[in-house]
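# Residue-level structural notes
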Amino acid sequence: MELIQSQKQAQILSPQVIQSMKILQMGVQDLREYITNAVQENPVLEFPESGDTPVPRDDLTRKLEWLEANDRQNSYYHRQDTEEENTDPLANVGCFVNDEEDLRWYVLSQFMGTDLEPEVMGGVEFLVDRLDQNGWLDEDLAALARAAGLSDHVMYRALTELQAAEPAGVGARNLSECLRLQLERRAGDHRLAMAIANSYLDELARGHYGYIGRALGASEKAVREACDLIRTLNPRPGTGFALRENLAYITPDLMVSSFPDHFEISSNDTAIPHLKLSWHYRQLLQQTGDQEVRDYLTEKANQAKWVIKSIDQRRSTLLQCARFVVERQEAFFRSGPGHLIPLTMGEAADSLGVHESTVSRTVRDKYLQCDWGVYPLSYFFSRSLGREGTSADRAKALLKRLVAQEDRPLSDQKLCEEMAAQGCPISRRTVAKYREELGIPNASGRKK
């Protein structure tokens, strides 16, 4: 057996560096949870007392309020919230208010105070719990009755009560029934629309108005009007509500305020709890004569300092990355979606003097709020399409504009040719992909 001695170079990351990288890639929610756990595990770390630092209405607070008021996506809701502010304690009497309102709560609240038999009410509650995210029931009613321990008659009555509730169409067992439930609540004579919703939805999707008219003995004009009415209905009445377990609130890490001659970029420090070293344990460290206690507190103090340093470093790196993004994507921040230029994380890494993996960790799960809404930071890194250097964002904007301007529906191949003529050469397959992502039907689906 021969022993061979060799020399090689290897990079070993210290636990502190690994911890720093983990903190860098954490989103706001994960970082909050991490800070809470760190305070519980390390006695030297603590949150400042409420009286330690005054909380003025500083520039950051004003900027956040200004962004909320000017956010194109949320301006309606901001205005609605402002209009609904009322100091009168009787102003909202009789209104149900629930910060975590979901479809189940909304539907069941309509049955409060009703005189339904307990068995039927139990059936309603059972059915509401079986609604899918679209607000539909996709299980056999007889099987549901057996599972609930109710008779078919009682379960049918419960279904009738549920389908009479809001939103219209809730409790439907298929698309056709969902549309019919909504048509029943519309004033006027909608027998033709009901017949189409019942038996001719495939023909409606293909625009075969003549076939539907001949089958139902109606003029093509009347069929078109009925189909237009059906298209105004909501095929998924439950999508206006979030399932409680899937509720997610986005807290932006960064805010960008635009001014005529410059941009201001701020870190949302209010979203992350501040940390400090405990004065009590620092005093104990200086005064104790017990070497074991001194070693323990020294170790914990060093850990605490590294956590605070890593969080500060995360903030600094985020701001550097945001400044680079705003500088390179100025057209977007001035004019909105459809104006992104191709940008890679490698370019950002070269500009900031860091490794590309650092940029990747920095943008992961981070969000930026600007005049146009809240966007993932990764959204601003858009790869180039073709030789012209067009981004996916611009290609989608051009595709939407071409569809909006067409006199007759263009095929994906024709759209591909039109986009190439306007300096955006992409493949037909990519056109189809972007069209589907934008929710635009194909040419036959756009026929009127």
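Residues numbered from 1 in each chain as written. Predicted model: local features only at pLDDT ≥ 70, side-chain atom pairs only at ≥ 80, totals over all residues. Heavy atoms only, no water.

### Thoughts on helix α9 (residues 175–183)
- Counting buried positions over the nine residues of α9 gives seven, a clear majority of the element.
- Every buried residue of α9 is accounted for by S176, E177, C178, L179, L181, Q182 and L183.
- The elements touched by buried residues of α9 are α8 (152–163), α10 (191–199), α11 (201–206) and α13 (220–231).
- Its side-chain oxygen placed 3.2 Å from the backbone nitrogen of S176, N174 serves as the N-cap of α9. (Buried < 20%, exposed > 50% of the residue type's maximum accessible area, 1.4 Å probe, protein only. Helix = DSSP H or I, 4+ residues; strand = E, 2+ residues; numbered from the N terminus. Contact = heavy atoms within 4.5 Å. Polar contact = N/O pair within 3.5 Å; in protein donor to acceptor, adjacent residues only side chain to side chain.)

### What to know about the confidence of the model for the protein
- With 81% of its residues at a pLDDT of 70 or more, the protein has an overall mean of 80.
- Note on residues 53–57: pLDDT under 50 across the span, and three contacts to partners over four residues away in sequence or across chains.
- Within the model, pLDDT remains below 50 along residues 70–100, and this stretch shows 25 contacts once partners closer than five positions in the same chain are excluded. (pLDDT = per-residue confidence, 0-100.)

### Quick look at the packing of aromatic side chains
- For the structure on display, the rule yields nine aromatic pairs.
- Residues F332 and Y375 carry aromatic rings whose centres are separated by 5.3 Å and whose planes lie at 85° to one another, so their mutual orientation is edge-to-face. With a gap of 43 residues between them, F332 in helix α16 (residues 330–335) and Y375 in strand β6 (residues 373–376) connect regions that are remote in the sequence.
- The buried category is assigned to Y375, whose relative accessible area is 9%.
- Through a chain of ring-to-ring contacts, three or more aromatic side chains come together here, namely F263, F332, F333, Y375, Y379 and F380. (Phe/Tyr/Trp six-rings, centres within 6.5 Å; stacked < 30°, edge-to-face > 60°.)

### Brief notes about the side chain of N42
- For N42, the location among the structural elements is in the loop between α2 (28–41) and β1 (45–46).
- Relative accessible area serves as the criterion here: at 5%, N42 is assigned to the buried category.
- Separated by 3.0 Å, the side chain of N42 and the backbone oxygen of K300 make a polar contact.

### Overview of a negative patch on the surface
- Residues D290, E292, D295 and E299 make up a contiguous surface patch of negative charge.
- Note that D295 resides in helix α15 (residues 291–328). (Patch = residues over 30% accessible without salt bridge, like charges linked within 9 Å, V, L, I, M, F, W, Y side chains within 5 Å. Areas by Shrake-Rupley, 256 points an atom, 1.4 Å probe, with all protein chains shown as cover. Salt bridge = Lys/Arg side-chain N within 4 Å of Asp/Glu carboxyl O. Lys, Arg positive; Asp, Glu negative; His and termini not counted. Charge placed at Lys NZ, Arg CZ, Asp CG, Glu CD.)

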